[in-house]
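Okay, here's what each chain looks like letter by letter:
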Amino acid sequence: EAGVTQFPSHSVIEKGQTVTLRCDPISGHDNLYWYRRVMGKEIKFLLHFVKESKQDESGMPNNRFLAERTGGTYSTLKVQPAELEDSGVYFCASSQGLGQSNSYNSPLHFGNGTRLTVT
Amino acid sequence: GIQVEQSPPDLILQEGANSTLRCNFSDSVNNLQWFHQNPWGQLINLFYIPSGTKQNGRLSATTVATERYSLLYISSSQTTDSGVYFCAVRDPLWQAGTALIFGKGTTLSVSS
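We now turn to the structure provided with this report. Just so we're clear, the structure is a prediction, and the values are computed from it rather than from any experiment. Every chain begins its residue count from 1, and numbering advances along the sequence as written. Chain letters and ligand numbers both follow the written order, the letters beginning at A and the numbers at 1. Residues qualify for local features only when their pLDDT is at least 70, as the model is predicted, and side-chain atom pairs are given and counted only at 80 or more; totals for whole chains, interfaces and linings, by contrast, use all residues. To obtain the side-chain values, all non-hydrogen atoms of the structure were used and water was disregarded.

**Brief notes about the overall build of chain B**
And step 1. Scanning chain B for helices and strands turns up 0 helices and 11 strands.
And step 2. Start at the N end of chain B and walk to the C end: the helices and strands fall as β-β-β-β-β-β-β-β-β-β-β.
And step 3. We take the radius of gyration over the C-alpha atoms and set the globule estimate at 2.2 Å times the residue count to the 0.38 power. In terms of overall size, chain B behaves like a compact globule, its C-alpha atoms giving a radius of gyration of 14 Å where 112 residues would be expected to give roughly 13 Å.
And step 4. In terms of overall dimensions, chain B has a C-alpha envelope of 45 × 25 × 20 Å along the principal axes.
And step 5. Burial analysis of chain B (112 residues in total) assigns 49% to the buried set.
And step 6. Taking all contacts inside chain B whose residues are at least 6 apart in sequence as the whole, residues at least 24 apart take part in 56%. In this text, helices come from DSSP runs of H or I with a minimum length of four residues, and strands from runs of E with a minimum of two, each type numbered from the N-terminal end. With a 1.4 Å probe rolled over the protein chains alone, any residue whose accessible area is under 20% of its type maximum counts as buried; one over 50% counts as exposed, and the rest are partly exposed. When checking whether two residues touch, look at their non-hydrogen atoms; a contact exists if any pair is within 4.5 Å.

**Focus on the pattern of salt bridges**
And step 1. Any Lys or Arg side-chain nitrogen found within 4 Å of a carboxyl oxygen on Asp or Glu counts as a salt bridge. Under the defined criterion, the tally for this structure stands at 8 salt bridges over all chains.
And step 2. The salt bridge partner of Arg36 of chain A is Asp86 of chain A, with a shortest N-O separation of 4.0 Å. Placement of Arg36 of chain A in strand S4 (residues 31-37) and of Asp86 of chain A in the loop between strand S8 (75-79) and strand S9 (88-95) is noted, with a sequence separation of 50 residues between them.
And step 3. Given a relative accessible area of 14%, Arg36 of chain A falls into the buried group.
And step 4. Residue Asp86 of chain A is classed as buried on the basis of its relative accessible area, which comes to 1%.
And step 5. With a shortest N-O distance of 2.8 Å, Arg58 of chain B and Asp81 of chain B are connected by a salt bridge. Here Asp81 of chain B lies in the loop between strand S8 (69-74) and strand S9 (83-90) and Arg58 of chain B lies in the loop between strand S6 (52-56) and strand S7 (59-64), a separation of 23 residues in the sequence.
And step 6. What makes Arg58 of chain B partly exposed here is its relative accessible area of 26%.
And step 7. Each of Arg36, Arg64 and Asp86 of chain A takes part in salt bridges that share partners, so that together they form one network.

Given below as structure tokens:
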């Protein structure tokens, strides 16, 4: 079974530019999450999709961040325009959804992350 | 919301030493996971352990849910064990979703 895949693994952009991160969850996982770790701090929750719907986006820092999951498969996270404080590692995770198992107790499987550097 | 506290914040070991990392949480949980973020930034899932004890090679973990803590044991540490160890729990009262809440991590440095 393929794991959670994130692309690119690294991205270096200038302040004011746009970057789009992609996440391919484990096949069949309805739940998809975005997290980030900024400047060696805590890993913070950004948002949660159930299939194509945003279940919880309480962690999104501001309107420069836009996440989509069209068709309920892969997801993209766009940062536009990027600021210096957006630098960090962005993680995507997925877990099984309702009907597949007790999703509330299903472990989250994380991708390797995208390291974003804004200069 | 639920609070997750990890200790110690930093740990320096000689190769071959054993260590215990602790995770305390402020309320009952039904999902707890331990992760290792390696020096390359990758987040590796170590254990899914809402209760009980599990072992995987030199690593083992124990969660005592009734007392709201979990322990991660690393035996015969190696330099490749260096990195940050995170504990993460799911808040059963977070009705909006099923996301994990992370502690601040324990930074482990193993020298040869």
